[in-house]
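Secondary and tertiary structure notes
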Amino acid sequence: MDEVRRQLEELLSSSVEDVVVKSVEVTETVVRVEAQSTDRLAACPGCGCRSGRIHGSYLRFPRDLPAAGKFVVVALRVRRFVCAEESCPRRTFVEQAPGLTRRFGRRTERLRSTLASVGLALAGRAGARMAAIFGAPVSRNARLRLVTSLPEPPIAAPRVVGVDEYAQRKGRIYGTVLVDVETRRPIDLLPDREADTLAAWLAERPGIEIICRDRAPFFADGATRGAPQALQVADRWHLWHNLGEAAEKCVYRHRGCLRPMPAPPDEPQQEEVESMVSSPWPTGHRFAERTRAKHATVHALLAAGHSKRSVARQLGMGLNTIMRFSRATTPEELFTGQWQNRATRLDAFKPHLDQRWQDGCTNAWKLWEEIREQGYPDGYSSVRDYARKTLRGKPQPIEPRPPSARAVARWIHTHPDALTERDQLQLKAALANCACPLLRAHGHRTGGRATAGVDRVRPRSYRPA
């Protein structure tokens, strides 16, 4: 036992002075080490006066690093001294063992530093699991408190500073983050993004030579007033981000060109149109067009294998009407009775409505606004009824969905080798359909090689916004 005590004394004395081990008690799960301080004088934490007058003593039980899978508890007897300085607000104080304990500490400094190192490496939950493995269980919150209580590492005076904003609450509360561009480590966080706050922070660091920022006016004002000697530049990310936004806005203004050109109709369709025109029945009459559309729909459903009752339920028509449509080989056989082909004010605008409907515009309100600009005098209800009764029965061409403006902008700024064959074909088709000389020149000039150019670009100074 004496040999064990000497070994423990050597372990303690290597990092702690004026502490002697009195006894060691080993059980199945715990190693209890009784120790005592040997220093006769202690310094008051209030006034710094050293005193040797003892008021009393008590035991502290800080936990130490585990040994052989067993918990190690140090039963340290500490003394309470009476302060010799009468003007000191502290009447008594407790001695501390430097390197072993601290005020209100329940762990030794060695265990505390070890847990903090694990917390820095693995953070909360993973660090708590690792600590439980080597015999020092602690909760994840306690581990995070140990990490946050560590002193801030010394930061050298930065030469190149990156200034950007961050969101504490997106859309409501924003702050400013400052980063050392050379070391790529954050330096400080400002509570807001005001120019005065940034200018005051920069004024305290006159060694700053270059400021990388975005185009925000408050950052420009703060950088100009706080560091007039610094060169203001835009970094690669902001250059690329601004270029992408500008390209996307340009493509969005010409989003109508992204829709593929309609394919020329086949010969059978032309023959069908010619036969319809040559029909004695009017092609622009609302009843004739509605009847032709219903006839085509009924025969298409019957050819697909639907029963007549099923077709009646789907179209909301009577069974007798479906049977009459099914018996008619052509829609002209259904044109019976007296016709009242009265002219309306909408007849002059129906070709435009038909063409826009075939182009994919199926919003009746938008169609009414278009023809109203062309001189249509009546209200919206006539266009709504014409679209609901006539246009909705016409078959619409099935076209592929046009690409979005963001996708086209991404294709333009991506290297051709990084694009798939399908994306290359879609980009080529979009640029061929667009009549904008700026967009076509941009696409042919960059050729999707904007990434390589941005990688090689060096920061250049520019006038503050």
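Criteria and cut-off values
- Residues numbered from 1 in each chain as written.
- Predicted model: local features only at pLDDT ≥ 70, side-chain atom pairs only at ≥ 80, totals over all residues.
- Heavy atoms only, no water.
- Pairing = 2+ DSSP bridges.
- Helix = DSSP H or I, 4+ residues; strand = E, 2+ residues; numbered from the N terminus.
- Axes fitted to C-alpha atoms, helices over the stretch in contact; angles between N-to-C directions.
- Contact = heavy atoms within 4.5 Å.
- Salt bridge = Lys/Arg side-chain N within 4 Å of Asp/Glu carboxyl O.
- pLDDT = per-residue confidence, 0-100.
- Buried < 20%, exposed > 50% of the residue type's maximum accessible area, 1.4 Å probe, protein only.
- Polar contact = N/O pair within 3.5 Å; in protein donor to acceptor, adjacent residues only side chain to side chain.
- Parallel < 35°, antiparallel > 145°, perpendicular 65-115°, else oblique.
- Nonpolar A, V, L, I, M, F, W, Y, C, P; charged D, E, K, R; others polar.
- Left-handed = near helix turned anticlockwise from the far one by under 90°.
- Patch = residues over 30% accessible without salt bridge, like charges linked within 9 Å, V, L, I, M, F, W, Y side chains within 5 Å.
- Areas by Shrake-Rupley, 256 points an atom, 1.4 Å probe, with all protein chains shown as cover.
- Expected span 1.5 Å × (residues − 1).
- Arc of directions from axis to C-beta.

If you walk across this open sheet you meet the five strands as β11-β10-β9-β12-β13, and the pairing is mixed. This sheet does not close on itself; its edge strands, each paired only once, are β11 (185-190) and β13 (231-233). Ignoring which end each strand starts from, the neighbouring axes of this sheet average 30 degrees apart. Here five bridges tie strand β10 (residues 173-180) to β11, and the two strands are oriented antiparallel to one another. Paired with Thr176 across the strands is Leu190, a residue of β11. The strands touched by helix α5 (residues 195-203) within the sheet are β9 (160-169), β10, β11 and β12 (210-212), with β11 carrying the most contacts at an inclination of about 130 degrees.

All right, on to the pattern of salt bridges then. A complete count under the given rule lists 18 salt bridges for this structure. Between Arg32 and Glu34 there is a salt bridge, with the nearest N and O atoms lying 3.7 Å from each other. The partner of Arg79 in a salt bridge is Glu95, and the shortest N-O contact between them spans 3.0 Å. Taken together, the positions of Arg79 in strand β7 (residues 70-82) and Glu95 in the loop between β8 (92-94) and α2 (109-122) put the pair 16 residues apart, joining distant regions of the chain.

Moving on to the confidence of the model for the protein. For the protein, the mean per-residue pLDDT works out to 80, and 81% of the residues sit at or above 70. Scored below 50 in pLDDT, residues 267-280 shows six contacts in the model against residues more than four places distant or in partner chains.

With that out of the way, let us pick up helix α6 (residues 217-226). Listed in full, the buried residues belonging to α6 are Phe219, Ala220, Gly222, Ala223 and Gly226. Buried-residue contacts for α6 involve β9, β10, α5, β12 and β13.

Assignment of secondary structure puts Asp378 in the loop between α13 (364-373) and α14 (380-389). With ten residues separating them along the chain, Asp378 and Trp368 place their C-alpha atoms 9.4 Å apart. Those residues within four positions of Asp378 in sequence are excluded, and the remaining contacts are Arg345 and Trp368.

Examined against the element boundaries, Glu370 turns out to sit in helix α13. Accessibility expressed as a relative area gives 18% for Glu370, which makes it buried. A distance of 3.0 Å separates polar atoms of two side chains, one belonging to Glu370 and the other to Arg356. With near-sequence residues (within four places) excluded, Glu370 lies in contact with His352 and Arg356.

Turning our eyes to something else, we now look at the packing of α2 against helix α4 (residues 140-148). Two elements in contact, α2 and α4, have axes whose closest approach is 9 Å; the angle formed by their N-to-C orientations is 95 degrees. As summarised for this structure, α2 and α4 are arranged roughly perpendicular, according to the angle between their axes. Facing α2, whose interface residues are Arg112, Leu115, Ala116, Val118, Gly119 and Leu120, α4 presents Arg143, Leu146 and Val147. Here the residues of the contact of α2 with α4 are counted per class, giving six nonpolar, one polar and two charged.

Consecutive side chains of a regular strand alternate in pointing toward one face of the sheet and then the other. Here β9 runs beside β12; their pairing, made up of three bridges, is parallel. Bridging from a neighbouring strand, Gly162 pairs with Cys212 of β12. Here β9 pairs with β10 via eight bridges, running antiparallel. Pairing of Asp164 across the sheet is with Val177, part of β10. The hairpin formed by β9 and β10 contains three residues between the paired strands, and Gly171 there has a positive phi angle of roughly 85 degrees.

Think of two packed helices as two axes; the pair is described by the angle between the axes and how far apart they sit. Relative to each other, helix α12 (residues 350-359) and α13 sit at 140 degrees, their axes nearing to 11 Å. Classed by the angle they form, the pair α12 and α13 counts as oblique. By crossing handedness, the relation of α12 to α13 is classed as right-handed. Contacts between α12 and α13 involve His352, Leu353, Arg356 and Trp357 from the first element and Lys366, Leu367, Glu370 and Ile371 from the second.

To continue, consider a nonpolar patch on the surface. On the surface, Leu122, Met130, Ile133 and Phe134 cluster together to form a nonpolar patch covering roughly 360 Å² of accessible area. Along the chain, the position of Phe134 falls in the loop between α3 (125-133) and α4. Among the residues examined, Phe134 registers a relative accessible area of 30% and is labelled partly exposed.

Okay, the side chain of Ser326 next. As for its placement among the helices and strands, Ser326 is situated in helix α11 (residues 319-327). Polar side-chain contacts of Ser326 include one of 2.7 Å to the backbone oxygen of Met323. Residues within four places of Ser326 in sequence aside, it is in contact with His299, Leu302 and Lys308.

The first and last C-alpha atoms of helix α16 (residues 421-433) sit 19 Å apart over 13 residues, in line with the 18 Å expected at 1.5 Å per residue. Among the residues making up α16, those that are buried are Asp423, Leu427, Ala430 and Leu431. In an axial view of α16, the angular spread of the buried residues amounts to 95 degrees, which keeps them on one side of the axis. Across from the buried face of α16, at angles greater than 90 degrees, the exposed residues are Glu421, Arg422, Leu425, Lys428 and Ala432.

Glycine aside, a negative phi is what most residues show, and trans is what most peptide bonds show. Backbone geometry at Ala123 places phi at a positive 65 degrees, although glycine is not the residue there. If you trace the backbone, Ala123 turns up in the loop between α2 and α3. Even without being a glycine, Arg184 presents a positive backbone phi close to 60 degrees.

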